[in-house]
Amino acid sequence: MNSTPIKTALIAIAAVIALQLVGGLLFMVSGTYNIAADEPHLKPVRWMLQAGRTRAIQMRSRGLHPPNLRDPSLLKRGLVLYRQNCQPCHGGPGTANEQIGRGIDPKPPPLLTASNKWDDSELFWIISHGLKLSGMPGFAPRLSETDLWGIVAFLRRVVLLSPAEYKRLTSAEDLGADDPLLNWPSNNDYGFAQLKAQGDAKRGLELLQSYGCISCHMVPGLAHQRSAGPPLTRFAERQYIAGSLVNVPSNAVAWITNPKQFKPQTLMPNLNVQPAEALHIAAYLYTSGSSDRLTALERNLQIAKESSTPKLN
Amino acid sequence: MRITFCALALLAIALSACSRRGAIEAGQQPTGGDVRIGEHLIYAYGCGSCHVVPGVAEANGTVGPTLQGFGSRYYIAGLLVNTPQNLFRWVSKPQEVDPGNAMPDLGVTERQARDIAAYLYTLQ
């Protein structure tokens, strides 16, 4: 009979699987895997926790209909709820998370950057249901649908707030709904249009060289001499400039032309760079790193004009 | 031929071990801190959710500047000269140095700040 080799192969495969199961079980009960939350997961375990999550969230959040996120009363509601329910774990601009949020692994990320990769419905879904195998709780049973959309609206707005503005918002006893920070700036595009129309990255690279920026900064694409200030690599991804200005084109230009207007004590000198030149420099710096954050910011600004954020892609 | 190759390989290993040891000394000496404890604390305090910190797990945050090459940086937060004492102060009380900046006081103790600084100075 020629089925014997097949039989043998099958038995061998079964034996290997059985051994793996027993081995896995022994590993599990042996206590070898460190489950301490103050040590990082092994890379493969971390990968397993993440794999499939994005797709799962995308699929399950389909068919939700975001309301008008521009509504200031919604933003205000979102702010109050964020401070109560999310800040303890995720912190906020310039505000640390509390003890409860510190010992968790995977760590609660700052939502300033993490929320860029999700559209409104996806955020709504995550906040409603939470994330298995992580410390992210679901809030749907306790918060109403309007509350949850309010939080989504606030997550869209908070990325445009400086630490000082956030402090003011969260420490105010009673906020009027007409507070500018709780409204979408309808006639401010944070310099995006100008950057696109006039910024010339090639010219920017030359200026970075001729103004001697490289004597203090590592600049992608240029040999640098020494590092007085932070590297300007992956600049598009950076949330803040000099720790306190939201990194949007208009602030980058203003910082480069006159850093001391924002931070009188800063060790970065005023180099008399003209605003038009600073725009070119910004255009070059923004080519470094993933542009997801800037794209998300621009999309957020659409809320000021339209009824809801347009879908991703 | 093979011998030359082996010798070269050994040399490379020895050199990289030396440069790693050199880096660890660069951290340990000026701070009196422990590089390995520092690495653990940087993970546990979640510095990596705001900073890129080479060598620390999951440290790829973009809220603050990258700490890549921090050991050879001249200034801290654009306000202080990068000396061990100033770094201890920044890591434990950033809000005192630069009120209203986006790095919150995380409750890092003086002792822990030493260990953290020891690790940061290994980043060349």
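Residues numbered from 1 in each chain as written. Chains lettered and ligands numbered in written order. Predicted model: local features only at pLDDT ≥ 70, side-chain atom pairs only at ≥ 80, totals over all residues. Heavy atoms only, no water.

J.: Just checking my understanding: could you explain unusual backbone geometry for this structure?
T.: A cis geometry characterises the amide bond from D105(A) onward to P106(A), with omega recorded as -5°. In the Ramachandran plot, R234(A) falls in the positive-phi region, its phi being about 50° despite a non-glycine side chain. Within the secondary structure layout, R234(A) lies in the loop between helix 12 (201–210) and strand 1 (240–241). Positive phi outside glycine occurs at A77(B), with the angle close to 50°. We classify A77(B) as partly exposed; its relative accessible area is 29%. (Helix = DSSP H or I, 4+ residues; strand = E, 2+ residues; numbered from the N terminus. Buried < 20%, exposed > 50% of the residue type's maximum accessible area, 1.4 Å probe, protein only.)

J.: What's the story with helix 4 (residues 72–85) of chain A in this structure? I'm lost.
T.: Quick reminder: α-helices carry 3.6 residues per turn. Residues three or four places apart thus point the same way. All names here are of chain A. Taking 1.5 Å per residue, 14 residues should reach 20 Å; helix 4 reaches 20 Å between its end C-alpha atoms and fits that length. Those residues of helix 4 that sit buried are L74, L75, G78, L79, L81, Y82 and N85. The residue sitting at the N-terminus of helix 4 and contributing the capping side-chain oxygen is D71; that oxygen lies 3.0 Å from the backbone nitrogen of S73. (Expected span 1.5 Å × (residues − 1). Polar contact = N/O pair within 3.5 Å; in protein donor to acceptor, adjacent residues only side chain to side chain.)

J.: When you look at the domain arrangement of chain A in this model, what are you seeing that I'm missing?
T.: As a measure of interface size, the accessible area lost when the parts come together is often cited. Residues and elements named next belong to chain A. Assigned domains within chain A: domain 1 (58–182) and domain 2 (192–305). Each of domain 1 and domain 2 was reduced to a C-alpha centroid, and the two centroids are 28 Å apart. Taken residue by residue, the interface counts 13 residues in domain 1 and 15 residues in domain 2. Contact between domain 1 and domain 2 buries roughly 1200 Å² in total, counting both sides, with carbon and sulfur atoms accounting for 61%. The largest per-residue losses of area from domain 1 upon contact with domain 2 belong to R70, N116 and L160, which jointly make up 42% of the total buried on that side. Counting the contacts that link domain 1 with domain 2 gives zero salt bridges. Our enumeration of links across domain 1 and domain 2 arrives at two residue pairs in polar contact (both at pLDDT 80 or more). Grouping the amino acids of the side of domain 1 that touches domain 2 by side-chain chemistry returns eight nonpolar, three polar and two charged. (Domains from an automatic or database assignment. Contact = heavy atoms within 4.5 Å. Buried area = accessible area lost by both parts, 1.4 Å probe. Salt bridge = Lys/Arg side-chain N within 4 Å of Asp/Glu carboxyl O. Nonpolar A, V, L, I, M, F, W, Y, C, P; charged D, E, K, R; others polar.)

J.: Please explain the confidence of the model for chain A as it appears in this structure.
T.: Detailed conclusions should not be drawn from predicted coordinates in areas where pLDDT is low. Residue and element names in this part refer to chain A. The pLDDT averaged across chain A works out to 89; a share of 96% of its residues lies at or above 70. Least confident of the elements in chain A is helix 2 (residues 43–50), whose mean pLDDT is 80; most confident is helix 14 (residues 275–285), at 98. Across residues 308–313, confidence stays below pLDDT 50; counting only partners more than four residues off in sequence or on other chains, it has 17 contacts. (pLDDT = per-residue confidence, 0-100.)

J.: Can you help me understand the interface of chain B and chain A in this one?
T.: Counting from both sides, the interface comprises 32 residues of chain B and, opposite them, 37 residues of chain A. For the pair chain B and chain A, the summed buried surface comes to about 2700 Å²; carbon and sulfur atoms form 59% of the total. Where chain B meets chain A, there are one salt bridge. The closest approach of N and O atoms between D98(B) and K263(A), which form a salt bridge, is 3.3 Å. The interface formed by chain B and chain A contains 10 residue pairs in polar contact (both at pLDDT 80 or more). Here the element with the most residues in the side of chain B that touches chain A is helix 2 (residues 35–44) of chain B; it accounts for three residues. For the side of chain B that touches chain A, a count of residues per class yields 15 nonpolar, 13 polar and four charged.

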